[in-house]
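The primary structure of each chain is shown beneath.
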Amino acid sequence: MTQQRSLMKVLSGEAVWPPPVWFMRQAGRYLPEYRAVRADAGSFLDLCYTPKFAVEVTLQPIRRFGFDASILFSDILVVPHALGRDVRFEVGEGPRLDPISEADLSSLNVGRIASHLAPVFETVSTLRARLPAETTLLGFCGAPWTVATYMIAGRGTDDQGPAKHWAYAKPEALDRLMDILVEASVDYLCRQLDAGADAVQLFDTWAGSLDVRAFERFVVGPTQRIVAGVRARKPGAKIIGFPRGAGSRLPDFVRKTGVDAVSLDWSLDPVWAAGAVPVPTQGNLDPIRLLGSNEGIDAGVDAIMNAFRGKPHIFNLGHGITPEAPISAVERVLARVRAG
Ligand code: CP3
């Protein structure tokens, strides 16, 4: 058998040092080679649904930086698209969807995941064949709460107000949407694992916007059901949670959901997380540090490295890299992490 990939060792609880490293949104607009393919592909969804292009942009950051993990290039909003919602990405404006109403819930079609997302599964299997043997391949999907915030508002919002209104004023309707998204996500993630993904990450970017009661119902509950549903079909599947903004609720989230590891946003104190979180962690450099001075970058990296030395940890950013990030800053972080 070939040697286990370093990131997979960490997900099994082993402390690997220096830690494996990858960056959320590592394929993206900060790379000139991404912008070139993006221009050729036409729309953003065409980029996600054309294996030739999606494979190429996924491999770009691996070729340039040799990250230890590669993350499938796609978007969390391909799931509502597969369910039958209209999804568009307008240049410079972010995603636009037709806001869903309660009456629309019965029209969502979970049976279309396999056929609509077939090109994504082809991308995953092509990637596994083309990636270096030592590189972990991560699949992903959005967690139901975060996907619902875009489906309900029809766009990104500052406060997730429209979806929070459902959470507090008509929670039964939101439960129905969560159930549909849980079923779709389980199927989507299992098919990514079948196609060759080594592990999967659940992005819950807006987890922190709910109060404790609603967090339990719409973040913890659906995540727990996805973890259980994926494991029922794929025993031993490794799942990384990322409930951004969960703060002090993180240890409880981990215990209740059963995720194998968690990604830490930049607001968390790494020293606290190293002691309080009972599973391997990933994170948590503030992506905005990459736009600052070398001293600021080094201080941010060192604080994380010192906190997690001797623990199972994956070095990463605390959220996606921004389009403004200089390539030299990425190189600096990698050199410092790899020096241990
Ligand atoms: O990490 C990776 O490299 C994999 C690819 C990936 C993308 N989106 C590509 C993308 C992943 C994992 C995502 C997840 C995603 N998408 C999330 C959760 C994580 C997070 O960043 O909060 C969310 C909330 C979305 C929804 C989304 N997609 C928004 C709000 C936007 C617009 C914001 C922006 O950066 O433009 C997108 C578009 C998007 N998804 C881009 C990329 C590279 C930029 C689009 C472009 O190139 O024109």
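See the structure printed just above.
Rules used throughout
Residues numbered from 1 in each chain as written. Predicted model: local features only at pLDDT ≥ 70, side-chain atom pairs only at ≥ 80, totals over all residues. Heavy atoms only, no water. Salt bridge = Lys/Arg side-chain N within 4 Å of Asp/Glu carboxyl O. Helix = DSSP H or I, 4+ residues; strand = E, 2+ residues; numbered from the N terminus. Near = heavy atom within 4 Å. Polar contact = N/O pair within 3.5 Å; in protein donor to acceptor, adjacent residues only side chain to side chain. Areas by Shrake-Rupley, 256 points an atom, 1.4 Å probe, with all protein chains shown as cover.

*Asks:* Any chance you could explain the pattern of salt bridges here in plain terms?
*Replies:* Two side chains bearing opposite charge may form a pair once their charged atoms approach each other closely. Under the defined criterion, the tally for this structure stands at 22 salt bridges. Notably, a salt bridge pairs Arg-225 with Asp-179, separated by 3.2 Å at the nearest N-O pair. Of this pair, Arg-225 sits in helix α11 (residues 212-233) while Asp-179 sits in helix α10 (residues 171-195), placing them 46 residues apart in sequence. The closest approach of N and O atoms between Asp-260 and Lys-238, which form a salt bridge, is 3.8 Å.

*Asks:* How should the site of the ligand be read in this particular structure?
*Replies:* Near the ligand, the surroundings consist of 22 residues, among which Arg-25, Arg-29, Tyr-34, Asp-75 and His-319 are the closest. The contact in question runs from an oxygen atom of the ligand to an N or O atom on the backbone of Gln-26, over 3.2 Å. Note that an oxygen atom of the ligand is positioned 2.5 Å from one of the side-chain N or O atoms of Tyr-34. Calculation on the ligand without its partners gives an accessible area of 870 Å², and the protein chains cover 87% of this total. Elements with a minimum of two residues in the shell around the ligand: α2 (32-41) and β3 (94-97).

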